Amino acid sequence: MRSVEEHQRAVADLIRPRPPVTVALSDAEGLALAADVIAPISLPVFDNSGMDGYAVLADDVAGATPDNPVTLPVTEDIPAGRTDIPTLTPGSAHRIMTGAPVPHGADGVIPVEATDGGADVVRIGAATTRGRHIRPAGSDVSAGATVLRAGQLVNAPTAGLAAALGLAELPVQPRQRVLVISTGSELVEPGTPLAPGQIYESNGVMLSAAVREAGAEVVATATVADDTAAFTGVLERYGVYDGAVDLVITSGGVSAGAYEVVKDVFGRDGDQGVHFVKVAMQPGMPQGIGRIGGAGSGAAIITLPGNPVSAQVSFEVFVRPALRRAMNLPSPDRPRRNAVLREKLISPAGKRQFRRGLLDHETATVTSYGPPASHHLRYLASANCLLDIADDVTELPAGAEVQVWDLTGW
Ligand SMILES: Nc1nc2c(c(=O)[nH]1)N[C@H]1C(S)=C(S)[C@@H](COP(=O)(O)OP(=O)(O)OC[C@H]3O[C@@H](n4cnc5c(N)ncnc54)[C@H](O)[C@@H]3O)O[C@H]1N2
Ligand code: MOO
C-alpha cells in the first residue's frame with residue numbers, strides 16, 4: 001500500500017498548471033495573477049478636490065474666521081466630470097465638488113461647511129493652507145509603478161485597482177477545468193422517485209461543489225451506469241479527448257466487485273495510463289490516478305472511491321491541494337492545528353485515519369463526530385474539521401493532542 005504522502009505527491013505531479021491567459025476583469029476574480037501589473041496611468045489621474053467646497057488661493061483667505069469672513073465672487077462651477085479645466089484668477093473662488101479637477105492657479109479647497117454656500121458670491125469663514133483638500137495627481141500611483149505582483153490573488157480591492165487604472169483585462173493563471181463523473185447503476189437524480197435498490201446520486205453534486213470551492217471550474221457533472229460504453233461516451237461528449245478538460249474526477253467503480261466500470265474502462269494493470277492503487281488511509285483506500293490517452297498527454301484522471309465520505313475526504317486530502325497549487329491559489333492546504341481530544345478514540349493499525357470532528361476554535365478542543373465508516377455522510381456534512389490520526393496510532397486517550405485539518409479555513 002502507498003502512503004498518503006506518496007499519493008499526495010503523485011496527484012500534485014499529475015495536476016499541472018495551464019498556460020496563463022488574459023481574461024476580462026470580472027472573470028479574473030478569485031484567480032492568481034500570472035504577471036506583475038504595471039500602472040499605465042497615474043492615480044489620481046489629475047489634481048482633484050477632496051471636498052465639496054470652493055477652490056481658492058490660500059493667500060486670498062488668509063486670516064478668514066467665522067467672525068471675520070472673506071467674501072469672494074464665485075466665477076466657475078466645477079462638478080465632477082467637467083472636462084475643461086478653468087483657471088482661477090486671484091480674488092475669486094470656484095465652486096468645486098469632490099473628485100472634480102482643481103482649477104489652474106488654485107492651491108486650496110475650503111469645505112462648503114466653512115462657508116455660506118453662496119452660488120454667485122461666497123462668504124468664507126476659514127483660512128486654508130497650500131494643498132489643503134487637494135489630492136495631487138500621482139499621489140496614490142505613479143504611471144509605470146508595479147502595483148500588483150504575479151501570484152497575487154485577484155480579489156475585490158485588486159480588481160478595483162485594476163479597473164481604476166483602466167485595465168479591462170488581467171493576465172491570470174486559469175481555472176482547472178474539471179469533469180465530474182459519478183458511476184453506478186443504482187444512482188438516481190434527486191427529485192425523481194426511487195425504485196427498490198436505488199439511491200440518490202450525491203457524490204457528483206458534492207464533488208462539483210468541492211471543485212468550485214477549491215477555485216476550479218466544473219465542465220459538467222455526469223452520472224453513468226456501470227456500463228463502459230456509457231462511461232467513454234461521457235468522456236467524448238465533454239471533450240476529454242479534445243483538450244477541453246484538464247482533470248476527470250470519477251467516484252465509484254474502483255474496488256473489488258464484479259461491476260467496476262472505471263477499472264473496466266481503463267484496465268486493471270495500468271497499461272492504459274491509469275493505475276489503481278491502495279492508499280494506507282481510512283476512509284479512501286482504493287484510489288486511481290493517471291492520464292487518459294497516455295502518460296505525457298491527455299486529461300488527468302483521479303478515480304475516487306464511491307462511498308460518499310471516502311470520496312469527499314479523498315478530495316480534501318489529494319485533489320483540493322493539488323488543484324489549488326496548479327492554479328497558484330493561496331493556502332492550498334487546509335490550516336492544520338493541534339487540539340485536545342475530548343474523548344478516547346481508536347484507529348486501525350497501519351492506516352492513517354481521517355475522522356470527522358467538531359473543533360472548538362476557542363478552547364482548541366475537538367470531539368470526533370460520527371462513526372468511522374465511510375457511508376456516514378450526515379456527520380461529514382456538519383463537521384468542521386478532520387482529525388488526522390497517524391497510521392501507527394491505534395488508540396488515543398481523552399486529553400491527547402491530535403492534529404486537525406480545519407475545514408472552515410483557507
Ligand atoms: N471486497 C471488497 N469490497 C470492498 C473493498 C475491498 O477492498 N474489497 N473496498 C471497500 C472500500 S474501502 C470502499 S471505499 C468501496 C469503494 O468502492 P467503489 O469505489 O467501487 O464504489 P462503489 O462500489 O461504486 O460504491 C460504494 C458505495 O458508495 C455508493 N455510491 C457510489 N457512488 C455514489 C454516488 N455518486 N452517490 C451516492 N452514493 C454513491 C454506492 O451505492 C455504494 O454504497 O468499496 C468497498 N468494498
Ligand atoms: O476506503 Mo473505504 O473509503 O474505507 O470506505
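Refer to the structure above for everything that follows.
Residues numbered from 1 in each chain as written. Chains lettered and ligands numbered in written order. Predicted model: local features only at pLDDT ≥ 70, side-chain atom pairs only at ≥ 80, totals over all residues. Heavy atoms only, no water.

Asks: It is not clear to me how the packing of aromatic side chains should be interpreted in this structure. Could you clarify?
Replies: Describing an aromatic ring pair means giving the distance of the ring centres and the angle of the ring planes. Across all of its chains, the model carries three aromatic pairs by this definition. For the ring pair phenylalanine 354 and tryptophan 405, a centre distance of 5.2 Å and an interplane angle of 75 degrees mean the geometry is edge-to-face. One end of the pair, phenylalanine 354, is in strand E23 (residues 352–360); the other, tryptophan 405, is in strand E27 (residues 401–406), with 51 residues separating them in the sequence. What makes phenylalanine 354 buried here is its relative accessible area of 0%. Overall, tryptophan 405 belongs to the buried group, its relative accessible area being 1%. Relative to tyrosine 379, the ring of tyrosine 369 has its centre 5.1 Å away and its plane inclined at 85 degrees; by these criteria the two rings are edge-to-face. Of this pair, tyrosine 369 sits in the loop between strand E24 (365–368) and helix H8 (377–382) while tyrosine 379 is found in helix H8, placing the two residues ten residues apart along the sequence. The ring of tryptophan 405 has arginine 336 sitting right over it, with the charged end atom 3.9 Å from the ring centre. (Phe/Tyr/Trp six-rings, centres within 6.5 Å; stacked < 30°, edge-to-face > 60°. Helix = DSSP H or I, 4+ residues; strand = E, 2+ residues; numbered from the N terminus. Buried < 20%, exposed > 50% of the residue type's maximum accessible area, 1.4 Å probe, protein only. Lys NZ or Arg CZ within 6 Å of the ring centre and 35° of its normal.)

Asks: So what exactly am I meant to see when it comes to the nonpolar core here?
Replies: As a rule of thumb, nonpolar side chains are buried together in soluble globular proteins. One finds Ile15, Leu247, Ile249, Phe315, Val319 and Leu323 to be the most contacted residues of the largest nonpolar core, which totals 38 residues. Those elements that provide at least two residues to this core are helix H1 (4–14), strand E12 (177–183), helix H4 (203–213), strand E16 (247–251), strand E20 (300–304) and helix H7 (308–326). Per-element tally for this core: the top contributor is H7, with ten residues. Apart from residues lying up to four places away in sequence, phenylalanine 315 is in contact with Leu207, Ala210, Val211, Ala214, Ile249, Leu304, Arg320, Pro321 and Leu323. By size, the runner-up hydrophobic cluster in this structure holds 21 residues, among which are Val234, Val265, Phe266 and Phe276. (Core = buried A, V, L, I, M, F, W, Y, C linked by side-chain atoms within 4.5 Å. Contact = heavy atoms within 4.5 Å.)

Asks: Where do I start with helix H3 (residues 156–164) in this structure?
Replies: Residues spaced three or four apart along an α-helix face the same direction, because each turn holds 3.6 residues. Three or more residues of H3 are buried, namely Thr158, Ala159 and Ala162. Taken down its axis, H3 places every buried residue within 100 degrees of arc, on the same side. Opposite its buried face, H3 presents the exposed residues Ala156 and Pro157, each directed more than 90 degrees away. A positive phi of about 85 degrees marks glycine 166, the residue just after H3. (Arc of directions from axis to C-beta.)

Asks: Would you take a moment to explain the site of ligand 1 for this structure?
Replies: The environment of ligand 1 is made up of 22 residues, and the closest members are Glu186, Glu201, Val254, Ser255 and Gly306. Interatomic distance of 2.8 Å between a backbone N/O atom of glycine 306 and an oxygen atom of ligand 1. Calculation on ligand 1 without its partners gives an accessible area of 860 Å², and the protein chains cover 68% of this total. Listing elements by their share of the shell around ligand 1, those giving two or more residues are E12, strand E14 (199–200) and H7. Here the shell around ligand 1 is composed, by residue class, of nine nonpolar, ten polar and three charged. (Near = heavy atom within 4 Å. Polar contact = N/O pair within 3.5 Å; in protein donor to acceptor, adjacent residues only side chain to side chain. Areas by Shrake-Rupley, 256 points an atom, 1.4 Å probe, with all protein chains shown as cover. Nonpolar A, V, L, I, M, F, W, Y, C, P; charged D, E, K, R; others polar.)

Asks: Sorry, what's going on with the pairing of E16 here?
Replies: Regular strands have side chains that alternate between both faces of the sheet. E16 sits mainly inside the fold: five of its five residues count as buried. Of the two faces of E16, the one carrying Leu247, Ile249 and Ser251 and the one carrying Val248 and Thr250 are both buried. Pairing analysis gives five bridges linking E12 to E16, with the strands arranged parallel. By the bridge assignment for E16, serine 182 is matched with serine 251. For E16 and E20, the ladder comprises five bridges, and the chain directions are parallel. Counterpart to serine 251 in the pairing with E20 is leucine 304. (Pairing = 2+ DSSP bridges.)

Asks: Help me understand H7, please; the structure alone is not making it clear to me.
Replies: Here H7 is 19 residues long and its end C-alpha atoms lie 25 Å apart, about the 27 Å a rise of 1.5 Å per residue gives. Of all the bends in H7, the greatest measures close to 45 degrees and is centred on glutamate 316. Burial analysis of H7 places 18 of its 19 residues in the buried class, which makes it a mostly covered element. Looking one or two residues beyond H7, the residue adopting positive phi is asparagine 328, at roughly 60 degrees. (Expected span 1.5 Å × (residues − 1). Bend = angle between axes of the 7 residues up to and from the residue.)

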